[in-house]
Amino acid sequence: MGFRLVTLNLNGIRSAANKGLLEWAETVGADCMGVQEVKAQAADVAGRFDTLAGLRGHFHFAEKKGYSGVGLYARKQPSDVIVGLGDTEFDAEGRYVEARFDTARRKLSIISCYFPSGSSGEERQAAKFRFLDVVYPHLLALKGEREFILVGDVNIAHKEIDLKNWKSNQKNSGFLPEERNWMTRLLEEAGLVDVFRTLNPHPEQYTWWSNRGQAWAKNVGWRLDYHLATPGIAAKAKREHIYLERRFSDHAPLTIDYDFKL
C-alpha cells in the first residue's frame, strides 16, 4: 500500500453528508482527504464531522457563517498543523490548512486550500488576484524547505483542454489570461507539478459542473480541482481517478495514489 490522497470541494459538509459522503468515504481507503467549502463552524463539526472514515479532521473555518472553510482529514497524527497563510484578509475566510508529517529523513506537508472564486463580480475577482499574489511566494518559500502536496479547488482551468467551452470562456473568471499565466508561472518558474496531468493527458477530464442548464448531463465541465506538488513527491504519483458515480456536490472527488508511505 502507498499513500492515497483525495480532494473534494463539498459545497457544504452537511449538504454533502446528506448526499452520502460519509458512506462513500468509508469505501475509499484514503490516507488523507482534503475538503473545501466546508461552510460550517467548529460547533457544527464537533461530534459529527471531526472524523471521517477513521481519519481525524483538522480545520480552518471562516469567520463568516456558511462560507468557505477547509479541512484536512488524516489517518496518521501530524507532527504539526498550520492553520492559515498568515494573511489577515484571507485567513478570515478559512482557506488554508497544512498538516506536516516530518520524520528524520523527510519533511512533508499535505495542504488543503480553497482559492477564491472571482465569478460573482469585479470585487471578488480583485480579491482572487490578491490571493494569488499572497499564495505564490508562500508556496515558493515552502518548496525551499520541504516536500508538499497541495490539494484543493484552485478555481482556475489552466489550459484549453481543462474546460469544455474554452473559446466562450476567455473573458470569464477561472479562465482569464492573467489566471492562466499565474498557473503557468507556478508550474514553470516555481517548479510545482500539476500531478493529475502527468498521469492523464486526455481531454474531457473535469471536476466541476455548473448547476445551470444540462452541464452535468452533457459533461460541460471544468477541471478546477488539483494536486499541486513538489517534483520529488509528484514523481511518486501512480494512479488518478475522478469519481463520477455519485454526486456529493457540484465538484467530483479527485483521488491520486502515490508510491510512498507517511
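Here the structure is shown first, and the text comes after it.
Cut-offs applied
- Here the residue numbering is sequential within each chain, running from 1 through the sequence in written order.
- Reporting in this predicted model follows two pLDDT cut-offs: at least 70 for local features of residues, and 80 or more for side-chain atom pairs to be given and counted; totals over whole chains, interfaces and linings ignore these cut-offs and use all residues.
- Only hydrogens and water are set aside when side-chain values are computed; all heavy atoms of the structure are taken into account.
- Numbering of helices and strands starts at the N terminus; helices are DSSP runs of H or I of at least 4 residues and strands are runs of E of at least 2.
- C-alpha atoms define the radius of gyration in this analysis, and the globule rule sets the expected value at 2.2 Å times the number of residues to the power 0.38.
- Any residue under 20% of the maximum accessible area for its type is buried, any over 50% is exposed, and the rest in between are partly exposed; the area is computed with a 1.4 Å probe on protein chains only.
- Throughout, a residue-residue contact means that at least one pair of heavy atoms, one from each residue, lies within 4.5 Å.
- Per-residue accessibility takes into account occlusion by the displayed protein chains alone, with areas from the Shrake-Rupley method and a 1.4 Å probe.
- For this count, His and the chain ends are skipped, Lys and Arg are scored as positive, and Asp and Glu as negative.
- Here the site of a charge means NZ on Lys, CZ on Arg, CG on Asp, or CD on Glu.
- Only the stretch in contact is used when a helix axis is fitted, and all axes are lines through C-alpha atoms; the angle between N-to-C directions ranges over 0 to 180 degrees.
- Roughly parallel covers angles under 35 degrees, roughly antiparallel covers those over 145, roughly perpendicular covers 65 to 115, and oblique covers all other angles.
- Residues are grouped as follows: Ala, Val, Leu, Ile, Met, Phe, Trp, Tyr, Cys and Pro are nonpolar; Asp, Glu, Lys and Arg are charged; every other residue, Gly included, is polar.
- Within 6.5 Å between ring centres, the rings of Phe, Tyr and Trp (the latter by its six-membered ring) count as paired, and their orientation is classed by plane angle as stacked under 30 degrees, edge-to-face over 60, tilted in between.
- DSSP bridges decide pairing: two strands pair if at least two such bridges lie between them.
- The salt bridge criterion pairs a side-chain nitrogen of Lys or Arg with a carboxyl oxygen of Asp or Glu, the two atoms within 4 Å.

Asks: Where do I start with the overall build of the protein chain in this structure?
Replies: Of the regular secondary structure elements, the protein chain holds 8 helices and 15 strands. In terms of overall size, the protein chain behaves like a compact globule, its C-alpha atoms giving a radius of gyration of 17 Å where 262 residues would be expected to give roughly 18 Å. Judged by the C-alpha coordinates and their principal axes, the protein chain covers about 50 × 40 × 35 Å. Split into buried and exposed, the 262 residues of the protein chain put 54% on the buried side. Contacts in the protein chain between residues at least 24 apart in sequence constitute 70% of all its contacts with a sequence separation of at least 6. Surface exposure of the protein chain reaches about 11,500 Å², of which carbon and sulfur atoms provide 47%. Separation between the mean location of the 36 positive side-chain charges and that of the 34 negative ones in the protein chain comes to 4 Å.

Asks: What's the story with the packing of helix H5 (residues 122-145) against helix H6 (residues 177-188) in this structure? I'm lost.
Replies: Working note: a packed helix pair is described by the angle between its axes plus the distance between those axes. The N-to-C vectors of H5 and H6 enclose an angle of 5 degrees; their axes lie 11 Å apart at closest approach. For the element pair H5 / H6, the angle class is roughly parallel. On H6, the residues touching Gln125, Lys128, Phe129, Leu132, Val135, Tyr136 and Leu139 of H5 are Glu178, Glu179, Trp182, Arg185 and Leu186. Here the residues of the contact of H5 with H6 sort into 7 nonpolar, 1 polar and 4 charged.

Asks: So what exactly am I meant to see when it comes to the packing of aromatic side chains here?
Replies: What describes a pair of aromatic rings is the distance from one ring centre to the other and the angle between the planes of the rings. In the structure shown here, the tally under the stated rule is 14 aromatic pairs. Taken together, a centroid distance of 5.1 Å and an interplanar angle of 85 degrees make the contact between phenylalanine 90 and phenylalanine 131 edge-to-face. Here phenylalanine 131 lies in helix H5 and phenylalanine 90 lies in helix H4 (residues 88-91), a separation of 41 residues in the sequence. Residue phenylalanine 90 shares its accessibility class with phenylalanine 131, and that shared class is buried.

Asks: Whenever I open this one, the sheet that holds strand S7 (residues 96-100) confuses me. Can you help?
Replies: Either a parallel or an antiparallel arrangement is found when strands of a sheet pair, and the pairing is made through backbone hydrogen bonds. Strand order in the open sheet made by the 6 strands is S6-S7-S8-S9-S13-S10, with mixed pairing throughout. Unpaired on one side and paired on the other, strand S6 (80-83) and strand S10 (193-194) mark the two borders of the sheet. Packed on one face of the sheet, H5 meets S7, strand S8 (108-114) and strand S9 (147-153) and runs near 5 degrees to S7.

Asks: When you look at the pattern of salt bridges in this model, what are you seeing that I'm missing?
Replies: Oppositely charged side chains are able to pair whenever their charged atoms sit close together. Evaluation of the coordinates by the stated rule reveals 17 salt bridges. Note that glutamate 93 is salt-bridged to arginine 124, the shortest N-O span being 3.3 Å. Placement of glutamate 93 in the loop between H4 and S7 and of arginine 124 in helix H5 is noted, with a sequence separation of 31 residues between them. Take glutamate 93: its relative accessible area is 11%, and that puts it in the buried class.

Function-wise, these values are silent; they only describe arrangement.
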